[in-house]
Amino acid sequence: MRKAISTVVILLLIVLISGAWFLWQRSGAYGWNVLLRRGGSYWITVAADDARLSPSMRLALQPAIPDATAGAGAWKQVELGFEAREVPVVAGGQEVDRLYLNRFDPARFRFIARNEPGGTKDIDQWEAALHAGGQGGTVLIVNGSYFGLKGEADTPLVSMGERLGPSDYDAKAGAWVANASGTHVVDLAGRDWRAVLDGAENAMVSYPLLIGEDGGNAVRAKSNWLANRTFIAEDRQGRIIVGSTKDAFFSLDRLATFLLKTDLDIKTALNLDGGPIAGLSVRSDSYRLKHYAKWEAQVSEGKVSLLQAPRDVPWGMPVVLTVERK
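Read on for an overview of the structure.

## Here's the deal with the pattern of salt bridges
Here comes step 1: Counting across every chain of the model gives 16 salt bridges.
Here comes step 2: One salt bridge connects arginine 110 with glutamate 201, and the closest N-O pair in it is separated by 2.4 Å. Taken together, the residues arginine 110 in strand E6 (residues 109-115) and glutamate 201 in the loop between helix H4 (193-197) and strand E12 (202-206) connect sequence positions 91 residues apart.
Here comes step 3: Take arginine 110: its relative accessible area is 24%, and that puts it in the partly exposed class.
Here comes step 4: A salt bridge links aspartate 235 to arginine 239; the nearest nitrogen and oxygen atoms lie 2.8 Å apart.
Here comes step 5: Members of the salt-bridge network, linked through shared partners, are Arg110, Arg114, Glu201 and Glu324.

## A short note on the packing of aromatic side chains
Here comes step 1: All told, the structure shown has seven aromatic pairs when counted by the stated rule.
Here comes step 2: Residues phenylalanine 104 and phenylalanine 111 carry aromatic rings whose centres are separated by 5.9 Å and whose planes lie at 90 degrees to one another, so their mutual orientation is edge-to-face. You'll find phenylalanine 104 and phenylalanine 111 in the same group, each marked buried.
Here comes step 3: By way of ring pairs, the aromatic residues Phe82, Phe104, Phe109 and Phe111 are connected into one cluster.
Here comes step 4: The ring of tryptophan 315 carries arginine 38 above its face, with NZ or CZ at 3.4 Å from the centroid.
Here comes step 5: Arginine 254 extends its terminal NZ or CZ atom over the ring of phenylalanine 249, reaching a point 4.8 Å from the ring centre.

## Some thoughts on the pairing of strand E15 (residues 230-235)
Here comes step 1: Of all six residues that make up E15, six are buried, and the element is covered over most of its length.
Here comes step 2: Burial along E15 is two-sided: Thr230, Ile232 and Glu234 and Phe231, Ala233 and Asp235, pointing in opposite directions, are all buried.
Here comes step 3: Between E15 and the antiparallel strand that follows it, strand E16 (residues 240-245), lie four residues; glycine 238 among them carries a positive phi value of about 85 degrees.
Here comes step 4: One ladder, built from five bridges, connects E15 with strand E17 (residues 266-271); its direction is antiparallel. In the strand pairing of E17, isoleucine 232 is matched with leucine 270.

Thresholds, definitions, all that
- Residues numbered from 1 in each chain as written.
- Predicted model: local features only at pLDDT ≥ 70, side-chain atom pairs only at ≥ 80, totals over all residues.
- Heavy atoms only, no water.
- Salt bridge = Lys/Arg side-chain N within 4 Å of Asp/Glu carboxyl O.
- Helix = DSSP H or I, 4+ residues; strand = E, 2+ residues; numbered from the N terminus.
- Buried < 20%, exposed > 50% of the residue type's maximum accessible area, 1.4 Å probe, protein only.
- Phe/Tyr/Trp six-rings, centres within 6.5 Å; stacked < 30°, edge-to-face > 60°.
- Lys NZ or Arg CZ within 6 Å of the ring centre and 35° of its normal.
- Pairing = 2+ DSSP bridges.

So, in structure tokens, the structure goes:
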């Protein structure tokens, strides 16, 4: 009996060690942190009217989606060169989502791309790591572009002069770039991203482009992928807008259409990664906002897949965009 028990224990140890080795090889420290933080993540198949979806998502999954319009909302000066605004998204006579908008004068604020591959920081921990007060203080933190299985940048990225992410990449959408000439959201159509990022202090390639330099909706592939959304845009006065949604009413093409119908006067707009990682923190003496994202659902061949995690905790954010005072 003792021999049998010892054999079982040894076999269990072998299984555990093999599983731990596989997870480390596949996902590194990021995979371990995902497992310890929220118990992993998984997809479940749900009906389009399932109560586990938000009411806004259920509305967006109807055969006929009502048109969305912008409710009333005005810019509020938070501090010199920084304004904030909330825009209700109204459809079917009710508010179904809300845009959190932050508009910056790039002459007064610096835009920084950061990558913490271990995924140890959620929005609260990024706040703790980046002080908010005074010159150089971080006033905004939001998720950035996409990342791979090991939490490393999955698109080309420049962080405080250091090149990160893949060197061989086919970028046809857009990038935000901060260099000696200022900060801009660039349409990469017909451009080599390497040349665009050359000399940048901070930059981030992402996709899809929401609004191109031609002033039109640049989202080519329409889908019913719903998620908490974040984006960075440049308006026609050269100001930079960082936006985030409260809920997950928008697919990417409908978000682009909505932005074009607002009074934001956007020149170019670029989507950033969305879903439960799309946390947002805004900190200033006169204005504070923190948003914990939650939602992501994909629709394929009529089937709705909802992203879930065993533990309801904020997700780690390996790639972020931060805005700080110069």
